[in-house]
Amino acid sequence: MVVAELKIELEAQGLPTDGTRQVLYQRVQKARRINRSRGIPLWVPPVEDDEVVCNVTILPIIVFRLLLYHVTGNNVISKLWYFLYTVL
């Protein structure tokens, strides 16, 4: 693990974040063992959800090109078109 990750985990658990990489690693491992013995779930860093944004101005162009390739018989594009058609 990287020192920054070790410090984030220790900080989240309210433990000191000073020392060398080896000291931080030992501290994290000890905290994990203690938490496991107490039945406390493993600390997991919060996940940032990336919001998917659909550009409405480009979507018709993409659909037109997919239709064009589908009509011309491009196999890869027709598979992609079928996938988009079934999902959307």
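Residues numbered from 1 in each chain as written. Predicted model: local features only at pLDDT ≥ 70, side-chain atom pairs only at ≥ 80, totals over all residues. Heavy atoms only, no water.

Trainee: So what exactly am I meant to see when it comes to the packing of helix H1 (residues 3-12) against helix H2 (residues 21-38) here?
Mentor: Packed helix pairs are characterised by how far apart their axes lie and by the angle those axes make with each other. Between H1 and H2, the shortest axis-to-axis distance is 10 Å and the interhelical angle comes to 40°. The pairing of H1 with H2 is recorded here as oblique in orientation. In this structure, the crossing between H1 and H2 has a hand that is left-handed. Here Val3, Leu6, Lys7, Glu9 and Leu10 of H1 come into contact with H2, specifically with Arg21, Leu24, Tyr25, Arg27, Val28 and Arg32. Grouping the amino acids of the contact of H1 with H2 by side-chain chemistry returns six nonpolar, no polar and five charged. (Axes fitted to C-alpha atoms, helices over the stretch in contact; angles between N-to-C directions. Helix = DSSP H or I, 4+ residues; strand = E, 2+ residues; numbered from the N terminus. Parallel < 35°, antiparallel > 145°, perpendicular 65-115°, else oblique. Left-handed = near helix turned anticlockwise from the far one by under 90°. Contact = heavy atoms within 4.5 Å. Nonpolar A, V, L, I, M, F, W, Y, C, P; charged D, E, K, R; others polar.)

Trainee: In this structure, what is going on with the side chain of Asn35? I would like to understand it.
Mentor: Relative to the helices and strands, Asn35 resides in helix H2. A relative accessible area of 16% means that Asn35 is categorised as buried. In terms of polar contacts, Asn35 uses its side chain to reach the side chain of Gln13, at 3.5 Å. In this structure, Asn35 is in contact with Gln13 and Ile40, ignoring residues within four places of it in sequence. (Buried < 20%, exposed > 50% of the residue type's maximum accessible area, 1.4 Å probe, protein only. Polar contact = N/O pair within 3.5 Å; in protein donor to acceptor, adjacent residues only side chain to side chain.)

Trainee: Before we go on, may I ask you to explain the pattern of salt bridges in this structure?
Mentor: Any two side chains of opposite charge can pair if their charged atoms end up close together. Inspection of every chain in the model, using the stated rule, returns two salt bridges. Linking Arg32 and Glu9 is a salt bridge whose minimum nitrogen-to-oxygen distance equals 2.9 Å. In this pair, Arg32 sits in helix H2 while Glu9 sits in helix H1, placing the two residues 23 residues apart along the sequence. (Salt bridge = Lys/Arg side-chain N within 4 Å of Asp/Glu carboxyl O.)

Trainee: What should I look at first to understand H1 in this one?
Mentor: For an α-helix, the turn length of 3.6 residues means that residues three or four places apart are oriented alike. The complete set of buried residues in H1 reads Leu6, Glu9 and Leu10. Each buried residue of H1 lies within a common arc of 95° when the element is viewed along its axis, so the set occupies one face. In this fold, the buried residues of H1 make contact with H2. Gly14 sits one or two residues past H1 and shows a positive phi near 80°. (Arc of directions from axis to C-beta.)

In short, the description is geometric, and any link to function would need to be established separately.
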